Amino acid sequence: MTSRLLQRSLGSPDYDGIRQALRNDTSTPVISARGLEVRVAVLPLFTHDGRQAVRVSSTQPLTHVLVGVDSASGTDVTLLVPEVDAPRTLTLECRDDAGVVGSAQVTVTPQRKWSVFVVHHSHLDIGYTDPQGTVLRHHLDYLDAALRLAEETASWPDDARFRWTVESSMPALKWLDARPAEQVESFAALARAGAIEVTALPFQLHTEACSTEELYRQLRFTAQLQDRYGFATRSAMHTDVPGAVVGLVDALNAAGVRYLAAAHNWAGRSVPYLHGGDKLTRPFRWRAPSGNELLVWFTDTPHGMAYMEGNTVGLTDSYELADDLLPRYLSALATRGYPYGPGTFGWQGPDAPREPYELDVLHLRVQGAHADNAGPSIVPASIARRWNETWAWPRLRSAVNSDFFEHVEERYHDRLAVHEGDWTDWWADGLGSGARPLGYVRRAQSALRVAETLHTIAGADATDQIDEAYDKVALFNEHTWGAANPWEDAEEAGDSGGLQWTRKSSGAYQAQDDASDLLHAATRRFAAALSTPDAEVAALPGADADAEGRALASFAVFNPGTRARTDVVRAFLPRDVVAVDVPIALVDARTGETVPHHEEYVDPDDWPTRPIGRHVHAVVPAVPGFGYARLDVVRGPGQAPEPVEPDLDGVIENEFYRVAYDVREGYISSIFDKSAGRELVNGDAAAGFGQYVYDRYATAPHFNHLSGHVGAHDRTLLGDRAVARNATIVRALRTAVGEKLVVELQGKGVDWLRTTIELHRGVPRLDLTYQLAKQGTPAKEAVFLAFPFATGPATAWELTGGVGGPGVPRVPGSAEYMLPIRHWIAFEDPELTVAWATLEAPLVQLGTIHMPYAPFPPTLDQEDGTVYSWALNNIWDTNFPAQQQGETTFRYAVTSAAGVKGSRLGAAAASGLTEPFVGALITGGPGATETYASVDHPDVLITSIGRVDGEQVVRLQSLAAEPVTATVTVPGRDPVEVRLPACGVAVVGGKRA
């Protein structure tokens, strides 16, 4: 009794409830008499001898007679009538021992003859149901089983043979490396024969967390599988995560993949049908700005369990259940938008309207059990075998993923709808639940590009190490960020939240460490390649270090950005190279002019565990993109001047900006652009510029999937909103390099909050750093940093593999209330362009702060020019961490310029954060400057210099909304003209140029 009470009191309907809803929604009551009810369903079932089916059900056993045609007795019977090509009305009589209970007219209508591709796979959650290692070992076991089942059913009819689709390729790659050669060859033979398919994505990614290069590198194994084992990777599966970046289209196309099966798990945390999702027909052609396309199938329901469709209709239970439910499901698809009633999967909103499904072919996923990470089962293939022996239509085919797409492409390609742009992910908000490790990963993404470039320039091939580091980055961006119950800390199963997050977050920290190691090594290799050996230096005339005008040391200041720019370099000068008591000056070797600098001494009494010497800061003018300028360290006339501590009036400035901080209110009150004569801050905004905003929600923690069951149509669940108070300017510095303010504040949700505001001389950019420390709390909370600009609405923003904007197409049903960007947002008006950039925090909301529960209503009046950086949050109840803590850093940049295209200025603003100058300590006297690669089109970026198949290549990415032609110049080579598609990428040089 108690167990039944609990089952009926908690959570979403179970499968029995869902299935009964399907039966009720796909049948019509025709007789109600003597306390009995009789229902009829005309279904798309055809026998081999040309008859079609009418299903009759009654609440008590009866004899059901279609007069003059067929009869049967029971509570659920199938009556067969000759196939009709036009509606035909028949009389149904239902009888019991006392005679005729009732009769009704039944109209038999023509039915579609369906082809159903049953795609058997296991959804890979690396974690969630068990600790990560346990899950991956199980998936290798599943491949053992899939191999056995495929071999055991090889003699079955072709449509019924067991076939297995490896949804995420990572287990297959591990399996191929871990099994004996004869098993590997059997697997490869089955893959070549189409009985097993390895799909393209290594695991299910939050693609918006990925960099463009990361996406492409995660698909590199496809060529390796073809070369080593002789089978192609033809399709991809994107499961669970409700959305993907537009750059995925181009990345998959580059790997030779043209098909994508998506199964979006909305989990109640999304409302695609309020944003055009009800118009998204399937299948459809997803087109990137480049013109590349994917043929996309996506599963049926917006309510979750989307990759359990086949399980829902009985295909992993029994033939009898499938025989009951599958025809009803097909009938519903042909005649209604959705076959289930409101609340079927726990969603408490209205059902989404949708037109009936148009085609007579269906892609139907099945898993071996009703669970994530379920293994293979012989049941679906066995059902297909018996089904096809019993029924002519629908025809069931045990299929691999690409079988369905080839069928559709051949028959329907030109009639399919085309949708363009980003398919913005509704789960991207979960990225804010791990703000610190996410920030480390985003720093690693930037550092890896620079590290690979410097290794390559130095003549070293670090491709394997770079790839391995990118793999660690991508593993963090994999979609399972925590256990089913992340607040628990058991050793196994879905309560192993503590173990799972420890491994997940440590992977992010390791990725950042690996990237830092690679950059550290690359900087030394680059320096060594430029340096003159010590013996040669000693032999030079006047080699005495104290000789007049001779350099004591030099720095090659490398600019890893595409464009020449003036920016700050921070480099370390060890005391064993130049003694700390020796006064120094920095001389630009290109001009002979002294470059002002600032020194920070590492005192051995304070830091005995760190290298001793001087951190040297200098602003270096006009360093060429992907090139260096040499700074010589010479004996100076005296020690570098000490920093000046100006009045703590909250104002700093350089040639470009005057910035004022309002201590009483705790935010930046003014950013005045001196060149434009214009204020950049909207002083009338609801929040101040750079203001810390803390929201706390009146929802309970530690209830699985609660956030998917809660609806918010107003601000009722906004339990508390607070801003940081009690600001104190704790430091104001003016050095030869620039000016800085350090402000400390108190705020809810944090132990302490520190804001650093910096302007560098000669640099047209404002740099902002926010550091906070917080204790973990299970309370539902969010932290925003407000940036209200005195502009109109944003006009462009950076996406992975594309550029978004208010007029840029998006796939219907994409998330609307938030944006997961890469690094920058631009605002343009006729007089001025303003750009804002972020390094660690990708989530933004434009114009207002929304409630984090569907349908995500705004909590403030719309302000078009305001960016709210959604720095961190804790709003999920499953899969993402239940709380976060520790010291976390968020960095931002602001710049402005007249007459500059928004995407170009956005890229420039981000470059100061993501591509800081690298100071490589060198000896001897290489050239004063050198450029290693350049491109002449202002909308084309060089992202890195690397190696492909042992040959040096230059990687390019376009920000232009139209195709462009650019010329790439590399010293010692003829210039190369390359055509880039809109927002496309290219590789110049090497075997793939």
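To be clear, the structure that these remarks concern was listed above.
In short, a report on the structure. Everything quoted here is computed from the prediction, not taken from an experiment.

A look at the overall build of the protein
So, step 1. Along the backbone of the protein there are 18 helices and 50 strands.
So, step 2. Taking 993 residues into account, the globule formula puts the C-alpha radius of gyration at 30 Å, and the protein, at 32 Å, falls close to it.
So, step 3. In terms of overall dimensions, the protein has a C-alpha envelope of 120 × 65 × 55 Å along the principal axes.
So, step 4. In the protein, which comprises 993 residues, the proportion classed as buried is 60%.
So, step 5. Within the protein, contacts between residues at least 6 apart in sequence are counted, and of these 73% link residues at least 24 apart.
So, step 6. Within the structure as shown, the protein displays about 36800 Å² of accessible surface, and the carbon and sulfur contribution to it stands at 49%.
So, step 7. Positive and negative side-chain charges of the protein, numbering 86 and 125 respectively, have mean locations separated by a distance of 3 Å.

Regarding the sheet that holds strand β37 (residues 819-820)
So, step 1. Strand order in the open sheet formed by six strands is β29-β28-β34-β41-β40-β37, with antiparallel pairing between adjacent strands. Every other strand in the sheet has two partners, leaving β29 (718-723) and β37 as the edge strands with one partner each.
So, step 2. With two bridges connecting them, β37 and strand β40 (residues 843-846) associate as antiparallel partners. Looking across to β40, one finds that Leu-819 is bridged to Val-844.

Focus on the packing of helix α4 (residues 169-178) against helix α7 (residues 221-229)
So, step 1. Across the interface, α4 lies against α7 with an axial gap of 12 Å and an inter-helix angle of 40°. Note on packing geometry: the crossing formed by α4 with α7 is left-handed. Contact residues: Ser-169, Leu-173 and Leu-176 in α4; Phe-221, Leu-225 and Tyr-229 in α7.

A short note on the pairing of strand β19 (residues 584-588)
So, step 1. Counting buried positions over the five residues of β19 gives five, a clear majority of the element.
So, step 2. Residues Ile-584, Leu-586 and Asp-588 point to one face of β19 and Ala-585 and Val-587 to the other, with burial holding for every one of them.
So, step 3. The pairing of β19 with strand β20 (residues 594-595) spans two bridges and is antiparallel. Bridging across to β20, Val-587 finds its partner in Thr-594.

Here's the deal with the environment of Gly-230
So, step 1. Among the secondary structure elements, Gly-230 is positioned in the loop between α7 and β10 (235-240).
So, step 2. Residue class for Gly-230 comes out partly exposed when judged on its relative accessible area of 37%.
So, step 3. Residues Gly-230 and Gly-902 lie 672 residues apart in sequence; the distance between their C-alpha atoms is 46 Å.
So, step 4. In this structure, Gly-230 is in contact with Arg-192 and Leu-225, ignoring residues within four places of it in sequence.

Section: the sheet that holds strand β18 (residues 565-574)
So, step 1. With antiparallel pairing, three strands are arranged side by side in an open sheet as β18-β22-β21. Edge positions in the sheet fall to β18 and β21 (597-601), since each has one partner strand and no second. Between one strand axis and the next, the sheet turns through 25° on average, direction left out of account.
So, step 2. Here β18 runs beside strand β22 (residues 613-623); their pairing, made up of nine bridges, is antiparallel. When the sheet's bridge partners are listed, Val-568 is paired in β22 with Val-619.

Conventions adopted
Residues numbered from 1 in each chain as written. Predicted model: local features only at pLDDT ≥ 70, side-chain atom pairs only at ≥ 80, totals over all residues. Heavy atoms only, no water. Helix = DSSP H or I, 4+ residues; strand = E, 2+ residues; numbered from the N terminus. Rg over C-alpha atoms; globule rule 2.2 N^0.38 Å. Buried < 20%, exposed > 50% of the residue type's maximum accessible area, 1.4 Å probe, protein only. Contact = heavy atoms within 4.5 Å. Areas by Shrake-Rupley, 256 points an atom, 1.4 Å probe, with all protein chains shown as cover. Lys, Arg positive; Asp, Glu negative; His and termini not counted. Charge placed at Lys NZ, Arg CZ, Asp CG, Glu CD. Pairing = 2+ DSSP bridges. Axes fitted to C-alpha atoms, helices over the stretch in contact; angles between N-to-C directions. Left-handed = near helix turned anticlockwise from the far one by under 90°.

Fair warning: the whole summary comes from geometry, so function is off the table for now.
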